[in-house]
Protein chains: 2
Amino acid sequence: MKLALDAMGGDNAPEEIVKGAIDAVKKYPCEIVLVGNEIKITEILRDEPDWKDFPLTIKHADEVIEMNEHPADAVRNKKNSSIVVATQLVKSGECDAVLSAGSTGAAVAAAQLILKRIHGIGRPAIATPIPTPDGVTLLLDSGANVDSKPEHLVQSGIMGALYAEHVLSKKNPRVGLLNIGEEETKGNEQAKETYQIFKNMTTINFTGNAEGRDIPNGKFDVIVCDGFVGNVVLKFGEGLAHTIFKLIKEAIEEGGVPVKLAALMLAPTLQNLAKRLDASEYGGAPLLGVNGYCIISHGSADAKSICSAIKLANDYVNNNVLEHIKTALEQEDFFKQ
Amino acid sequence: MKLALDAMGGDNAPEEIVKGAIDAVKKYPCEIVLVGNEIKITEILRDEPDWKDFPLTIKHADEVIEMNEHPADAVRNKKNSSIVVATQLVKSGECDAVLSAGSTGAAVAAAQLILKRIHGIGRPAIATPIPTPDGVTLLLDSGANVDSKPEHLVQSGIMGALYAEHVLSKKNPRVGLLNIGEEETKGNEQAKETYQIFKNMTTINFTGNAEGRDIPNGKFDVIVCDGFVGNVVLKFGEGLAHTIFKLIKEAIEEGGVPVKLAALMLAPTLQNLAKRLDASEYGGAPLLGVNGYCIISHGSADAKSICSAIKLANDYVNNNVLEHIKTALEQEDFFKQ
């Protein structure tokens, strides 16, 4: 797998991005093109004197799309930005996948404008793995699009199921529709209409409505929702986990000496857990539905997350998920209407 | 305050509901009418031999609306159900407020059909207190209505601000609009239109868009959203907190003797925290926008939650929130359009 890595995207770019790339080429069978400011990237690579022995190259790009820019406008105007150049490398076939921890909107816009959507897909969706007690549940769309139509949610369900099967090794993945009750009559218009399409489909294992509490409990392998709801849920989850661990810390600090000693002994256990619940630990989330492999990392990604995201890109590409999606769309009656 | 308490609503009814009422009349200046099956209620009251010395009475109602019934249909057909009879007691003026831990849909439908909406309010909203490090943030609507129009969200903002001010003692409460980004151009159509109305209002302290991570961090006093999103967020929060504490417990069980000993010392601290984060501990959430005081409790409410909810009903009624909302609606230019 040859990866175009946006070295300039994210809160910790380019340092942590480049370091993550160095770790990844040492660990996984991959080739990485670092896209961004050549001088800055070379400076960081100097810490790794033998970097030229690894399959790492630099592709210069002198612009960066900032978080506050309008995604589609910025992609159109900044032809030489790191995310645009990296995505172009996939379009031209020079690379197999693109990975960015920069503006999610810009990465989605670049993928849509340059790679285009898969034929039969109305809107791409970000599929974020949410930690559960025994693994992960894939939540999609977690923020690529809002005001989606029922058919877009159904397309997300099909793509999510194929990703869960081929990358997360889940057999006959259970697909749920995020809703406010279990009964099929529950929900807003979008959910009620989506339910009616899902329940008549035989190509995916639709197991009914999922409620908010089902997102972290592992009852479903894939949970489908509009990108507005998915984005709110994702950020709320990050915020809540953060608040809970902060409150645990405060409660311990206010406790007496025995509580503090106990906390000291428990610290590694709690830290491991906090890490496991941190979505950024999973490295990245695939943008499903565009005609190319695109992975989006958390803005706060560090070297470790980038390295995990590169492993994910490897699995994503090597399992031919894009081809599986295309084949499924051709077979699915729903899309022939 | 004289309360009509639906003694038959909730997973633990009637036992825990009746016990909560007994605790409340001992602690707070209130009078309670227990509405439901007289024989069952009397049986539970027998455990409290001197119950007749307290301001507790029973109003017989021989039907119960179950969780799986269609709310509005059930309210229309089961005239003698505990929630309908209890709500009628408020309508007739015999009681000041109604409280139920039964089907939320049925409680909302009964309030809308019997008490009617406040003039100027298109849709009522459930205002749920979400624990934050320093207090609570009010999230509304957390599930009374879906597919709300921008004006409904604005009405929720006004009602939430008045409730926060008069019941939660927050001065000039900061009102946020739940969205997927801070910028006013972000979001779905509903959020973008709502933002434009909010930003021109001078009667409330609108402080911009709130993201998912702001729900538990205390940055806003009131966060406004559609009932679909609010309900998903609320249930996801319950599920996530549950999962985190379950994982902490498992990690401790898998740990060695020092970890187990440490956990034993830390247990009270963690248990207190888990309790504080449990939304049901706050007892209940007001249904704002109907022409009467209606409080909705969690289906899993126990005696302690019911007792807290009765205290909340007391504060809600004694602070004349209903009158404050009516006055505000008359003064607000937005509603005169």
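Before reading on, note that the structure itself is shown above.
Residues numbered from 1 in each chain as written. Chains lettered and ligands numbered in written order. Predicted model: local features only at pLDDT ≥ 70, side-chain atom pairs only at ≥ 80, totals over all residues. Heavy atoms only, no water.

## Details of the interface of chain A and chain B
Turning to step 1, where the next piece is worked out: Of the residues lining the interface, 46 residues belong to chain A; the matching set on chain B comes to 46 residues.
Turning to step 2, where the next piece is worked out: Across the interface of chain A and chain B, roughly 4600 Å² is buried in total on both sides, 79% from carbon and sulfur atoms.
Turning to step 3, where the next piece is worked out: Put simply, chain A and chain B have two salt bridges between them.
Turning to step 4, where the next piece is worked out: Among the salt bridges present, the one from Glu211 of chain B reaches Lys235 of chain A, with a minimum N-O distance of 2.3 Å.
Turning to step 5, where the next piece is worked out: At the surface where chain A touches chain B, the tally comes to eight residue pairs in polar contact (both at pLDDT 80 or more).
Turning to step 6, where the next piece is worked out: Of all the secondary structure elements, the ones that give two or more residues to the side of chain A that touches chain B are α7 (189–199), α8 (227–254) and α9 (257–277) of chain A.
Turning to step 7, where the next piece is worked out: For the side of chain A that touches chain B, the element with the highest residue contribution is α8 of chain A, accounting for 20 residues. (Contact = heavy atoms within 4.5 Å. Buried area = accessible area lost by both parts, 1.4 Å probe. Salt bridge = Lys/Arg side-chain N within 4 Å of Asp/Glu carboxyl O. Polar contact = N/O pair within 3.5 Å; in protein donor to acceptor, adjacent residues only side chain to side chain. Helix = DSSP H or I, 4+ residues; strand = E, 2+ residues; numbered from the N terminus.)

## Focus: the side chain of Asp6 of chain B
All names here are of chain B.
Turning to step 1, where the next piece is worked out: Its location among the elements puts Asp6 in strand β1 (residues 2–6).
Turning to step 2, where the next piece is worked out: No salt bridge forms around the buried Asp6; measuring N to O, its nearest opposite-charge neighbour Lys78 is 11 Å away.
Turning to step 3, where the next piece is worked out: In terms of polar contacts, Asp6 uses its side chain to reach the backbone amide nitrogen of Met8, at 3.1 Å.
Turning to step 4, where the next piece is worked out: Contacts of Asp6, omitting those with residues within four sequence positions, involve Ile17, Val35, Ser82, Ile83, Leu99 and Ser100. (Buried < 20%, exposed > 50% of the residue type's maximum accessible area, 1.4 Å probe, protein only. Lys, Arg positive; Asp, Glu negative; His and termini not counted.)

## Some words on the sheet that holds strand β6 (residues 128–132) of chain B
Residues and elements named next belong to chain B.
Turning to step 1, where the next piece is worked out: A sheet is described by the order of its strands in space; here five strands give the open sequence β6-β7-β10-β8-β9, paired in mixed fashion. Looking at which strands have only one partner, the edges of the open sheet turn out to be β6 and β9 (205–210). Taking each pair of neighbouring strands and ignoring which way they run, the sheet shows an average axis angle of 30°.
Turning to step 2, where the next piece is worked out: Both strand β8 (residues 174–178) and β9 contribute to a ladder of four bridges, which runs parallel. (Pairing = 2+ DSSP bridges. Axes fitted to C-alpha atoms, helices over the stretch in contact; angles between N-to-C directions.)

Take it as geometry only, folks, not as evidence of what the structure does.
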